[in-house]
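Chain and residue survey
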Amino acid sequence: MKKILVVGGANGIGLSVATLLAQRPTCEKVVIIDRVPVSKEYRHPKFEQHLFDLTTPDYAIFDQFMECDTLFISAGFGHLALFRDVSEEQIIDYFNVNTLPVLRIIKRFYPKLEAQTDFYCGVMVSIAGFMTSPFLSVYAATKAAQRMFIESVNVELVKSGSPNRILNVSPGSIQGTCFNGGKTDLSQTEALAKDIIRHLEQKDDLFIPQYEEVFKGVLERYYADFRAEGLHSYDYKVQSGRVPTKS
């Protein structure tokens, strides 16, 4: 991993991954594409920043980074809300930021994925893409789309004979990120970022943090009775105090 491209690397997990890779002596540069700049306190000499809004129709900016041997996409957003409180405009924004950019960017880098030379690629998805997610219905829909895309393309890569894979990183709630109004704290995300990099280097196709401790049981309950697990998820979010209640 000498030349790295991190899309959505100005904060959260993307910034954490970018920072750890930039600290490696073998790393030459880390290109960060985001709609906002990296805060001064987190900047690194190896960072090369480019401001870009993923809702922009023209994605030609990515063509200048084809020399990169690593692509990590962590851009995206989500807010806890009932579907009745999500506007039609917000629905469009969700897919225009969370889902379509992943497909469009990977399409441009697909020749590198199909090649016999090493290319490391990962996407921040979410455990919400695997199960019923009340209060995150639209967000979960964008993540489920990402998941199915990644799984399908990985099969095509296997059949093409390529050694490369797209890593689906699907965590639950993460502390130290800007998700749902939080703030970036690299001390809280460093351990997860190290795990992500390790799975990238191994060219794994799926990484669910805390799988054995938490999500193995959750997914088993979901597949046994998705209705009951959905109701449990609704009540859990309300009782956590993270969402407002309405009559």
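Just above sits the structure.
Overview of the structure. Since we're looking at a predicted model, the values are computed, not measured.

Quick look at the environment of Ala60 now. Its location among the elements puts Ala60 in the loop between β3 (47–51) and β4 (70–73). Exposure remark for Ala60: the relative accessible area of 36% places this residue in the partly exposed category. Along the backbone, Ala60 and His44 are 16 residues apart, and their C-alpha atoms lie at a distance of 26 Å.

Judged by how many residues are buried, strand β5 (residues 120–124) sits mostly within the fold: five of five residues are covered. Side chains of β5 alternate between two faces, with Tyr120, Gly122 and Met124 and Cys121 and Val123 buried alike. Taken together, the four bridges between β4 and β5 define a ladder with parallel strand orientation. Pairing of Thr70 across the sheet is with Tyr120, part of β5. Taking the sense of rotation as the criterion, the β-α-β connection linking β4, helix α2 (residues 88–114) and β5 turns out right-handed. Following the chain from β5 across helix α3 (residues 137–160) to the adjacent parallel strand β6 (residues 166–169), one finds a crossover that is right-handed.

Turning our attention to unusual backbone geometry. Outside of glycine, negative phi angles account for most residues, and trans bonds account for most peptide bonds. Positioned with a positive phi, Phe135 is a non-glycine residue whose angle comes to about 75°. Take Phe135: it is sitting in the loop between β5 and α3. Assessed through its relative accessible area of 4%, Phe135 is described here as buried. For Lys203, which is not glycine, the phi dihedral falls at a positive 55°. Within the element layout of this structure, Lys203 appears in the loop between α4 (186–201) and β7 (206–207).

This part takes up the pattern of salt bridges. Tallied over the full model, the rule gives 11 salt bridges. Here Arg108 and Asp63 are joined by a salt bridge, their closest N and O atoms 2.7 Å apart. Of this pair, Arg108 sits in helix α2 while Asp63 sits in the loop between β3 and β4; the two residues are 45 residues apart in sequence, bridging distant segments of the chain. Salt bridges linked by common partners bring Lys29, Glu48 and Glu67 together as one network.

On to the state of the cysteines. A complete count under the given rule lists zero disulfides for this structure. Looking at Cys27, it has no disulfide partner, and the nearest cysteine sulfur is the one in Cys68, 9.7 Å off.

This part covers the packing of helix α1 (residues 12–22) against α4. Two numbers describe how α1 lies on α4: the axes approach to 8 Å, and their chain directions differ by 70°. Taken together, the axis directions place α1 and α4 in an arrangement best described as roughly perpendicular. Both α1 and α4 take part in a crossing whose hand is right-handed. Of α4, the residues touching α1 (which contributes Gly12, Ile13, Leu15, Ser16, Val17, Thr19, Leu20 and Leu21) are Leu186, Thr189, Glu190, Leu192, Ala193, Lys194, Ile196 and Ile197. Classifying every residue of the contact of α1 with α4 gives 10 nonpolar, four polar and two charged.

Here we take up the packing of α2 against α3. Relative to each other, α2 and α3 sit at 10°, their axes nearing to 9 Å. The angle between α2 and α3 falls in the class roughly parallel. Regarding α2 and α3, the two cross each other, and that crossing is right-handed. Here Ile91, Tyr94, Phe95, Asn98, Thr99, Val102, Leu103, Ile106, Tyr110, Leu113 and Glu114 of α2 lie close against α3, whose contacting residues are Val138, Tyr139, Ala141, Thr142, Lys143, Ala145, Gln146, Phe149, Val153, Glu156, Leu157 and Ser160. Partitioning the contact of α2 with α3 into residue classes produces 15 nonpolar, five polar and three charged.

Calculation rules
Residues numbered from 1 in each chain as written. Predicted model: local features only at pLDDT ≥ 70, side-chain atom pairs only at ≥ 80, totals over all residues. Heavy atoms only, no water. Helix = DSSP H or I, 4+ residues; strand = E, 2+ residues; numbered from the N terminus. Buried < 20%, exposed > 50% of the residue type's maximum accessible area, 1.4 Å probe, protein only. Pairing = 2+ DSSP bridges. Right-handed = clockwise from strand over helix to strand, strands pointing away. Salt bridge = Lys/Arg side-chain N within 4 Å of Asp/Glu carboxyl O. Disulfide = S-S within 2.5 Å. Axes fitted to C-alpha atoms, helices over the stretch in contact; angles between N-to-C directions. Parallel < 35°, antiparallel > 145°, perpendicular 65-115°, else oblique. Left-handed = near helix turned anticlockwise from the far one by under 90°. Contact = heavy atoms within 4.5 Å. Nonpolar A, V, L, I, M, F, W, Y, C, P; charged D, E, K, R; others polar.

Geometric values such as these leave the question of function open.
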